[in-house]
Each structure stands twice: as structure tokens, then as C-alpha cells.
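# Commentary on secondary and tertiary structure
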Amino acid sequence: KILSCLPRYVLRMTNLRHIGVVSMVAAIAYLWSPKDRIYRVQEAFRDTAPGEFIEINGVRTHYTIQGSGELIVMIHGLGSGWSQAFGDMIPHLTKTNTVLAFDLYGVGFSDGTSENMDMERIVSHLAQLLLKLSVRTKGLTVRPFTLVGYSMGGAAATGFALEFDSLIKNLILMAPAGVKVPIPVEGELIKIPIIGDLLFQAVAPFIIKNQLPRGHIKGDDFDETVKAHRHSNITARTKHHPGYVRSLLSSLRHFPLSDFEEGLRQLQDKSFPAMVIWGDHDLVCPYESGSKRILELVPRIKLHTVKDSGHDDLSESLAPDVSKTIADFANNGG
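Residues numbered from 1 in each chain as written. Predicted model: local features only at pLDDT ≥ 70, side-chain atom pairs only at ≥ 80, totals over all residues. Heavy atoms only, no water.

## Examining helix α7 (residues 152–163)
Compared with an ideal rise of 1.5 Å per residue, which puts 12 residues at 16 Å, α7 spans 17 Å between its outermost C-alpha atoms and is within 8% of the ideal. The buried count for α7 comes to 11 of 12 residues, which makes it a mostly enclosed element. For α7, the set of buried residues is M152, G153, G154, A155, A156, A157, T158, G159, F160, A161 and L162. In this structure, the buried residues of α7 make contact with β4 (71–75), α6 (119–132), β7 (145–150), β8 (168–174), α11 (244–254) and α12 (261–266). (Helix = DSSP H or I, 4+ residues; strand = E, 2+ residues; numbered from the N terminus. Expected span 1.5 Å × (residues − 1). Buried < 20%, exposed > 50% of the residue type's maximum accessible area, 1.4 Å probe, protein only. Contact = heavy atoms within 4.5 Å.)

Right, dumping it as C-alpha cells:
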């Protein structure tokens, strides 16, 4: 659905007489681009980051760790960054817990890379971050913790929990991706090398901004301050972060956003407590079909339905209540 407006917009914005020339230039750039490139966040933009930075294999990762008590680790969704996804939740969670949140490669203020943003890459990123921070936290990050994943981060958290189940005290999925959904033609189109790159680079900011109302129960009438801030963030990232759009496209191509049911099914055999939190008006990761399928795949999982909530409302207007639900589950043994 994020790409549903792609063909009409491209036809309006693209001069058809120049498609051949532009495609040729894009093809050359694609074929000659280095395969191990790092896309650095521009310095002036990086200076506005609210968190700290740590280098992992030469790539700067933006993160925050704050609070005290047992650890909660949080993985954000597609293209949002931790400060946008969890900025309203962290002040509530740190009243009872230590919280670690980080930006995936190419998102928020973390540098991007030319490597595929697939499950293996994201799981490895978190594993290396936890290890890097273990000395500073006196081993807190390598002892069992509560892992929270939001949207795409829900599928990523599942992948991490399956790989490192001894580190998981509790698993909490917020409106998770990973359940099978039909992929529109536009979604298949962007997976084509060169052509997909060209189209997505041209229209990604427009698509992202126009998808924001779908995340809120009030549609386009959600909080104007939040809306202005989100639009500003998208503009800044596409302008000052050369890895941002590449990361989005790579995630859409290589991450199992709608094809991770086998992974979710394996949660049934794990011993750690698991809960899924879902807004009953979610249109991004649809509540009705998604929650039903999750319960079929993982009968033991606890479903917590948040009434009158869209996808993004969970972490914005309803952040206090959702944070309390997470803290209660994390601190009371599931």
C-alpha cells in the first residue's frame, strides 16, 4: 500500500523523452557503485541527533541508553528511527527500566551501507551493538532482557529472539510485520534493479509523507505539531542523509515484511513469555487479519488490543498507556 500511488505520480513527474537517457545513467551508476560503500550522514544533520554514536565495523550507529533497572531493548520500524518511534515512550519506560534504542543502518542518524537490509543484517547489527555496550553497562546488555519490536521491528525482534533465545527474558511485538499480505504490482516493480532504484529515488519522499495519515485513527486530522515534525524529519533525512532512501528500498526488497510466518510460528516452541500489542484500527499492519493470523501461528502469545488506535497512535498519543503495558509485562514475568 505504501507504493499504491507510484505509477500515476511517476507518469506525471517524469519527462518520457528522457527516460532512456536517465535509465542509462542510472544503469552505469548501479553497475559501477562500490558494493561495500558507507553512506555518511551529513555532519550538520548529525549534530542535531538526540542520542549518542558508536562505531560498528566503521559504521556509526545512533543510539540511546538511559534509565535504571532491568533492560528493555527497542527496535523501530521501516524508516522511522528510534527518536521518532519511541521518543514519547522512553520517558515513561525509564521510570522503571533501563531502555536501549538504536537506529538501524541508513535510518534516523545512523550511517547507511550498501549491504542488503535483510534479517541477517539487522539481527547482526543489534548483536554487535549489545556486545559493544557490554563493558559500559557492566554486562547488562549481554544478560537476558525484554525485547520490543515495532512494525518491521516486530519481525526483526522475532528473528533476533529465534537466533539468541538465551538473551530473551520477554518478547513484545507492537503491530508487527511479517504476516503474509498481498504484494501490489508496484511493490514488485521496485524490486527490479536499476528501474526500481530510479523510480523509488524519485518518489519516495512524496509517498512517505502521503502515507502518514494511514498511521492514525483520525487520518489526516492527527496532531498538527506531530504532523509538521514528521514532515520536517522526512525532508531533512532525504536531503541530508544519502543512505536513507537506499535503506528504505533495500528493506522493501530484502526484508521479509510480509513473508516471515515460519519465523513467527517458531515462537510457539520458545519458553520466554511473548505478547503482541495491536491497535484495533491499524491500517498499516492490519489488526483484524494480522492479529488473527498471529494467534494461529503462535497460540501461546498474549494479545493486548488497544482500542481506538491506529498504527502510529500506539507510540504517540497513547504512549503513556502502551508504555505501562510494556513495563508491566517486562517487570512482572510476563
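## Brief notes about the packing of aromatic side chains
Across all of its chains, the model carries 4 aromatic pairs by this definition. Judged by centre distance (4.9 Å) and plane angle (35 degrees), the rings of F160 and F164 are tilted. A relative accessible area of 1% means that F160 is categorised as buried. Accessibility expressed as a relative area gives 29% for F164, which makes it partly exposed. Between R300 and the ring centre of F272, over which it is positioned, the NZ or CZ distance is 5.7 Å. (Phe/Tyr/Trp six-rings, centres within 6.5 Å; stacked < 30°, edge-to-face > 60°. Lys NZ or Arg CZ within 6 Å of the ring centre and 35° of its normal.)

## Concerning the nonpolar core
Core analysis: the largest hydrophobic core is formed by 76 residues, its most contacted members being F86, L147, L171, M174 and I326. For this core, the element with the highest residue contribution is α7, accounting for 7 residues. Grouped together as the second largest cluster of nonpolar side chains are 6 residues, F200, Y244, V245 and L252 included. (Core = buried A, V, L, I, M, F, W, Y, C linked by side-chain atoms within 4.5 Å.)

## Describing the confidence of the model for the chain
Confidence in the prediction of the chain, expressed as mean pLDDT, is 86, and 80% of residues score 70 or more. In the model, residues 1–33 has pLDDT below 50 throughout and makes 37 contacts with residues more than four positions away in sequence or in other chains. (pLDDT = per-residue confidence, 0-100.)

## Notes on the sheet that holds strand β3 (residues 59–67)
Ordered by their spatial adjacency, 8 strands build an open sheet running β2-β3-β5-β4-β7-β8-β9-β10, and the pairing between neighbours is mixed. Each of the sheet's edge strands pairs with one partner strand only, and the pair in question is β2 (52–56) and β10 (302–306). On average, adjacent strands in this sheet sit at an angle of 25 degrees to one another, irrespective of strand direction. Where β2 and β3 come together, 5 bridges link them in antiparallel fashion. Looking across to β3, one finds that I54 is bridged to T61. Running at roughly 110 degrees to β2, α6 makes contact with β2, β3, β4, β5 (98–102) and β7 of the sheet. Running over the sheet, α7 touches β4, β7 and β8 and is turned about 145 degrees from β7. (Pairing = 2+ DSSP bridges. Axes fitted to C-alpha atoms, helices over the stretch in contact; angles between N-to-C directions.)

## Things to note about the packing of α6 against α7
Helix-helix packing is described using two parameters, namely the angle between the two axes and the distance between the axes. Interhelical geometry of α6 versus α7 gives an angle of 70 degrees and a closest axis separation of 9 Å. As summarised for this structure, α6 and α7 are arranged roughly perpendicular, according to the angle between their axes. Regarding α6 and α7, the two cross each other, and that crossing is right-handed. Note on element contacts: α7 touches α6 through M152, A155, A156, G159, F160 and E163, opposite M119, I122, V123, L126, A127 and L130. When grouped by side-chain class, the residues that make up the contact of α6 with α7 number 10 nonpolar, 1 polar and 1 charged. (Parallel < 35°, antiparallel > 145°, perpendicular 65-115°, else oblique. Left-handed = near helix turned anticlockwise from the far one by under 90°. Nonpolar A, V, L, I, M, F, W, Y, C, P; charged D, E, K, R; others polar.)

## Observations concerning the environment of K95
Here K95 shows up in the loop between α5 (90–93) and β5. When the C-alpha positions of K95 and A327 are compared, they lie 9.3 Å apart, and in sequence the two are 232 residues distant.

## Remarks on the pairing of β7
With 6 of its 6 residues buried, β7 lies for the most part within the structure. Judged by which residues are buried, β7 turns out to be covered on both faces: F145, L147 and G149 on one side and T146, V148 and Y150 on the other are all buried. In terms of strand pairing, β4 meets β7 through 4 bridges, oriented parallel. Bridging across to β7, I75 finds its partner in G149. Both β7 and β8 contribute to a ladder of 6 bridges, which runs parallel. Looking at the pairing, V148 lines up with I172 of β8.

## Description of the pattern of salt bridges
All chains considered together, the criterion is met by 11 salt bridges. Between D111 and R40 there is a salt bridge whose closest N-O contact spans 2.6 Å. Of this pair, D111 sits in the loop between β5 and β6 (112–113) while R40 sits in the loop between β1 (38–39) and α3 (43–46); the two residues are 71 residues apart in sequence, bridging distant segments of the chain. A relative accessible area of 0% means that D111 is categorised as buried. On the accessibility criterion, R40 (35% relative accessible area) is partly exposed. With a closest N to O distance of 3.5 Å, E115 and R121 form a salt bridge. (Salt bridge = Lys/Arg side-chain N within 4 Å of Asp/Glu carboxyl O.)

## A short note on empty space enclosed by the protein
Across all of its chains, the model carries 1 cavity of 30 Å³ or more by this definition. When its volume is computed, the largest cavity comes out at roughly 40 Å³. Looking at the largest cavity, the residues that line it are Y39, Y105, G106, G112, T113, M117, G243, R246 and S247. For the lining of the largest cavity, the residue count by class is 3 nonpolar, 5 polar and 1 charged. (1 Å grid on protein atoms, 1.4 Å probe; cavity = no way out; pocket = protein on both sides within 12 Å on 5 of 7 lines; lining within 4 Å. Points joined across faces, edges and corners; volume = space filled by probe spheres on them.)

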